[in-house]
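Inside the fold
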Amino acid sequence: AKREEGPTNIMQASYVYHERQESALCGQHCLNNLLQGSYFSPGDLADIAQELDAMERQMMLEAGVDTPEAIAFLAEESGNV
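Here's a quick rundown of the structure. Remember, predicted model here, so these are calculated numbers, not experimental data.

1. Things to note about the environment of Met 59
Looking at where Met 59 falls in the secondary structure, it is placed in helix α3 (residues 42–60). It is 9.7 Å that separates the C-alpha atoms of Met 59 and Ala 70, two residues lying 11 residues apart in sequence.

Below, the structure is given as structure tokens:
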């Protein structure tokens, strides 16, 4: 008889990946725990944040640098930590 691998059998044969919290790297540990592996390092997430900042800047300034939104945007620092 063929043995079926249902959810119960899969859970018994595997383990749960868990990274302990270090420093202020909550986002990194959350993503890696959710994805069940060491997928992101602090440097990886910093690179992603810089790319998002550049994309946000480009979108916010498409209408020009003298709009009220652009002026307010330029006065703020990045919210990406």
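Let's pick the thread back up.
2. Some thoughts on unusual backbone geometry
Leave glycine aside and you will find that most residues have negative phi; peptide bonds, for their part, are mostly trans. Phi angles above zero are rare outside glycine, and Ser 23 is one such case at about 50°. Looking at Ser 23, the relative accessible area reads 72%, which means it is exposed. Not every positive phi belongs to a glycine, and Gln 36 is a case in point at roughly 60°. Mapping Gln 36 onto the fold places it in the loop between α2 (26–35) and α3.

3. Here's the deal with the state of the cysteines
Counted under the stated rule, the structure contains 0 disulfides. This cysteine, Cys 26, is not joined by any disulfide, and Cys 30 carries the nearest cysteine sulfur, 8.8 Å off.

4. Considerations on the packing of α3 against helix α4 (residues 68–75)
Relative placement of two packed helices is described by the angle separating their axes and the distance separating the axes. Axis separation between α3 and α4 bottoms out at 10 Å; the angle between their running directions is 150°. When the interaxial angle is binned, α3 and α4 end up roughly antiparallel. Taking contact as the criterion, the partners of Glu 56, Arg 57 and Met 60 in α3 are, on α4, Glu 69, Ala 70, Phe 73 and Leu 74.

Criteria and thresholds
Per-chain numbering applies: the sequence of each chain, read as written, is numbered from 1 onward. Reporting in this predicted model follows two pLDDT cut-offs: at least 70 for local features of residues, and 80 or more for side-chain atom pairs to be given and counted; totals over whole chains, interfaces and linings ignore these cut-offs and use all residues. The basis for the side-chain values is all heavy atoms of the structure; hydrogens and waters are excluded. The way it works is that DSSP assigns letters per residue, a run of H or I at least four long becomes a helix, a run of E at least two long becomes a strand, and they are numbered from the N terminus. Residue exposure (1.4 Å probe, protein chains only): buried if accessible area is under 20% of the type maximum, exposed if over 50%, otherwise partly exposed. Counting rule for disulfides: a pair of cysteine sulfur atoms within 2.5 Å. Angular values range over 0 to 180 degrees, each being the angle between N-to-C directions of two axes fitted as lines to C-alpha atoms, with helices fitted over their stretch in contact. Angle categories are assigned with fixed cut-offs, so that under 35 degrees is roughly parallel, over 145 is roughly antiparallel, 65 to 115 is roughly perpendicular, and the rest are oblique. Pairs of residues are marked as contacts when any of their non-hydrogen atoms sit within 4.5 Å.

The quantities given are spatial measurements derived from coordinates; they are silent on function.
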